[in-house]
Structure formats: structure tokens, C-alpha cells
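Residue strings, one per chain:
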Amino acid sequence: MTRVFLILATLAMFVAAACTTGNDGTAGGSGVYRIRNEERVQFRMLDSVNALRQAAGSPAVQLDAMLNAAAATHSRDMAVQNRPWHFGSDGSSPLDRVARVGYTGSMLGEAISETYENELQTLTAWMENSGTRAVIMDPKAVNMGFSWYQEPTGKIWWTLVMAN
């Protein structure tokens with residue numbers, strides 16, 4: 001477990017370069033973390049997940065555009081519902097959302113979160129929970145979907161999907 005936290009601490013240095021800090025020590029000076037370099041967030045998460053998986057002896061995963069779309073849809077939907085849970089406002093399950101985007105593999109699990117934190121802090125929280133850690137570290141996973149939705153207030157809704 002110490003090895004996992006050392007890996008996450010190292011990765012935190014890379015994430016720190018992606019945000020700006022205001023005079024009050026918070027991102028942008030507003031007291032709320034704001035995502036910067038949006039085009040890099042998914043790749044930072046992928047690199048972090050793969051570093052953790054490699055340390056545990058699990059194979060690397062790759063980003064999948066269809067799974068990213070399913071994750072993005074659910075992140076936005078959780079914001080609309082104003083609650084983090086695995087069911088969509090239309091009653092859809094994670095399996096339904098993955099099928100809707102046309103993914104033909106098997107969905108293995110989903111991790112969700114509602115935070116004001118960056119993706120690395122969110123991953124750290126997920127790794128501290130046995131259920132979400134099992135999803136992320138599942139050795140059968142070969143594909144990952146990851147996305148978020150940030151509200152104007154700064155609250156971020158995160159969704160990660162693992163599949164094979």
C-alpha cells in the first residue's frame with residue numbers, strides 16, 4: 001500500500017503543473033479547483049491508473065472513445081440529478097450506458113465521485129475504497145473510459161468505467 005501512495009505522490013507533481021494557484025493557495029484564487037488543460041485530464045488519469053496497475057502486476061489499459069462517451073454522459077447526468085449514484089435519470093444502469101454507446105465488450109465496473117478536487121485526488125480516494133479499487137485494478141480490464149463534468153460552482157462529477 002505504501003508503494004501505491006508513493007506512486008500517487010509522484011503523479012501529483014505532474015497534476016500540480018496543470019493548475020494555477022491563486023493568492024489564497026487555491027486554484028485560481030477562488031477557493032475552488034478549476035480544471036485546466038482539459039485535453040490532458042483523461043491522459044493524466046490513464047497514466048496514473050496504469051502506473052498503479054503496473055505496480056500491482058496488472059496489465060495496462062487504454063482509453064476507449066465509446067467508454068469515454070458513456071462516462072461523460074453519466075457525469076453530466078449526475079450533475080443534473082445532483083447526486084452521485086450509478087443510475088441515470090432515466091433509470092439506466094452502467095451496463096445500459098455502455099451498450100448505448102455501442103461498446104461490444106464487457107463492462108467490468110464503474111467508479112463515480114462528486115468532489116471539488118482534481119482527478120488525482122479523486123483517484124486517491126477511489127484507491128482507498130476497496131470497491132472502487134477493485135474496479136480500477138481488475139486484471140481483466142483492457143479498456144477504460146473516463147470523463148467529468150464541472151458545474152459553474154466548481155463541483156466536479158467524475159466517472160470512470162473499466163471494461164474488457
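Data block above holds the structure.
Notes on the structure follow.

About the criteria used
Residues numbered from 1 in each chain as written. Predicted model: local features only at pLDDT ≥ 70, side-chain atom pairs only at ≥ 80, totals over all residues. Heavy atoms only, no water. Axes fitted to C-alpha atoms, helices over the stretch in contact; angles between N-to-C directions. Helix = DSSP H or I, 4+ residues; strand = E, 2+ residues; numbered from the N terminus. Parallel < 35°, antiparallel > 145°, perpendicular 65-115°, else oblique. Contact = heavy atoms within 4.5 Å. Nonpolar A, V, L, I, M, F, W, Y, C, P; charged D, E, K, R; others polar. Buried < 20%, exposed > 50% of the residue type's maximum accessible area, 1.4 Å probe, protein only. Polar contact = N/O pair within 3.5 Å; in protein donor to acceptor, adjacent residues only side chain to side chain.

The next subject is the packing of helix 5 (residues 119-128) against helix 6 (residues 130-137). In contact at an axis separation of 5 Å, helix 5 and helix 6 are set at 110° when each is read in the N-to-C sense. By the angle class used here, helix 5 and helix 6 are roughly perpendicular. Contacts between helix 5 and helix 6 pair Leu123, Trp126, Met127 and Glu128 from the former with Ser130, Thr132, Arg133, Ile136 and Met137 from the latter. Residue composition of the contact of helix 5 with helix 6, by class: five nonpolar, two polar and two charged.

Among the secondary structure elements, Glu151 is positioned in the loop between strand 3 (143-150) and strand 4 (156-163). Among the residues examined, Glu151 registers a relative accessible area of 16% and is labelled buried. Distance in space between the C-alpha atoms of Glu151 and Ala79 is 7.5 Å, their sequence separation being 72 residues. Glu151 has contacts with Arg34, Ala79 and Trp157, leaving out every residue within four places of it along the chain. Among the polar contacts made by the side chain of Glu151, one reaches the side chain of Trp157 at a distance of 2.8 Å.

Nothing here speaks to function; it is geometry throughout.
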